[in-house]
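An overview of the molecular structure
Chain residues, written in single-letter form:
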Amino acid sequence: MAYLMFQYDRPIDTQNWNNYNRHVRDWIAQLLTMPGAISFMAYRAAHQNSPDTFTLLEFRTMEEARHAAASEPVKHVLDELRAFGAVAKVLLVERSPFTPEPILAAIQDSEIDPVTPV
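This text gives an overview of the structure that appears in the document. These numbers come from a predicted model, not from an experiment. (Residues numbered from 1 in each chain as written. Predicted model: local features only at pLDDT ≥ 70, side-chain atom pairs only at ≥ 80, totals over all residues. Heavy atoms only, no water.)

**Structural notes on helix α3 (residues 72-83)**
With 12 residues, α3 should cover 16 Å at 1.5 Å per step; its first-to-last C-alpha distance of 16 Å lies within 8% of that length. Along α3, the residues that are buried comprise Val-74, Val-77, Leu-78 and Leu-81. All buried residues of α3 fall inside an arc of 100 degrees around its axis, so they share one side. Exposed residues pointing more than 90 degrees away from the buried face of α3 are listed as Glu-72 and Ala-83. Where the residues of α3 are buried, they touch β1 (2-8), α1 (14-32), α2 (62-69) and β4 (89-94). Looking at where α3 begins, the residue whose side-chain oxygen comes 3.4 Å from the main-chain nitrogen of Val-74 is Ser-71. In the segment just after α3, Gly-85 is the residue with positive phi, at about 90 degrees. (Helix = DSSP H or I, 4+ residues; strand = E, 2+ residues; numbered from the N terminus. Expected span 1.5 Å × (residues − 1). Buried < 20%, exposed > 50% of the residue type's maximum accessible area, 1.4 Å probe, protein only. Arc of directions from axis to C-beta. Contact = heavy atoms within 4.5 Å. Polar contact = N/O pair within 3.5 Å; in protein donor to acceptor, adjacent residues only side chain to side chain.)

**Thoughts on the pattern of salt bridges**
One pass over the full model with this rule turns up five salt bridges. One salt bridge in this structure joins Glu-64 and Arg-60, with 2.8 Å as the shortest N-O distance. A salt bridge links Arg-82 to Asp-79; the shortest N-O distance between them is 3.5 Å. In this pair, Arg-82 and Asp-79 are both assigned in helix α3, three residues apart and thus about one turn of the helix distant. (Salt bridge = Lys/Arg side-chain N within 4 Å of Asp/Glu carboxyl O.)

**Quick look at the layout of surface pockets**
Its volume calculated, the largest pocket comes out at about 250 Å³. In this structure, the largest pocket is lined by 17 residues; those nearest its centre are Tyr-8, Tyr-20, Val-24, Phe-40 and Thr-55. Sorting elements by how many residues they give to the lining of the largest pocket places α1 first, with six residues. Partitioned by chemical class, the residues of the lining of the largest pocket number 12 nonpolar, three polar and two charged. (1 Å grid on protein atoms, 1.4 Å probe; cavity = no way out; pocket = protein on both sides within 12 Å on 5 of 7 lines; lining within 4 Å. Points joined across faces, edges and corners; volume = space filled by probe spheres on them. Nonpolar A, V, L, I, M, F, W, Y, C, P; charged D, E, K, R; others polar.)

**Some details on the environment of Ile-38**
Examined against the element boundaries, Ile-38 turns out to sit in strand β2 (residues 37-44). Between the C-alpha atom of Ile-38 and that of Tyr-8, which follows or precedes it by 30 residues, the distance is 22 Å. Excluding anything up to four places from it in sequence, Ile-38 contacts Met-1, Leu-32, Glu-58, Phe-59 and Arg-60.

**Some words on the side chain of Glu-58**
Counting through the fold element by element, Glu-58 comes out in strand β3 (residues 53-59). Of the side chains bearing the opposite charge, Arg-95 lies closest to the buried Glu-58, which forms no salt bridge; the N-O distance is 4.5 Å. A polar contact is formed between the side chain of Glu-58 and the side chain of Tyr-3, at a distance of 3.4 Å. At 2.6 Å, the side chain of Glu-58 and the side chain of Ser-39 are in polar contact. Apart from residues lying up to four places away in sequence, Glu-58 is in contact with Met-1, Ala-2, Tyr-3, Gly-36, Ala-37, Ile-38 and Ser-39. (Lys, Arg positive; Asp, Glu negative; His and termini not counted.)

Geometric descriptors of this kind do not, in isolation, establish any biological role.
Right, here's the structure in full:
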């Protein structure tokens, strides 16, 4: 899997905040129509650190993510973000070969996990 990650601060002034909120769902829908796009997920920094917003647009392959990063739809979304005062940094990221799947914490409750000795 490969990801196109956007990092930015959401607008803080009322007018740009309202404009940003009116367009977010359209931007997400636009990004999800890109060839190879699988999913979209957004995260917010819990303590309003900068950048305060991180989004991940997931693709099947790194090539599809690279193509998306240079595409007109992504450029359009970035231009609109900038117009509302949110300057986004875009990164291409992929899963590490050392942790291609999440490493799960051990389950401590033996009633939930019958193979855990009591």
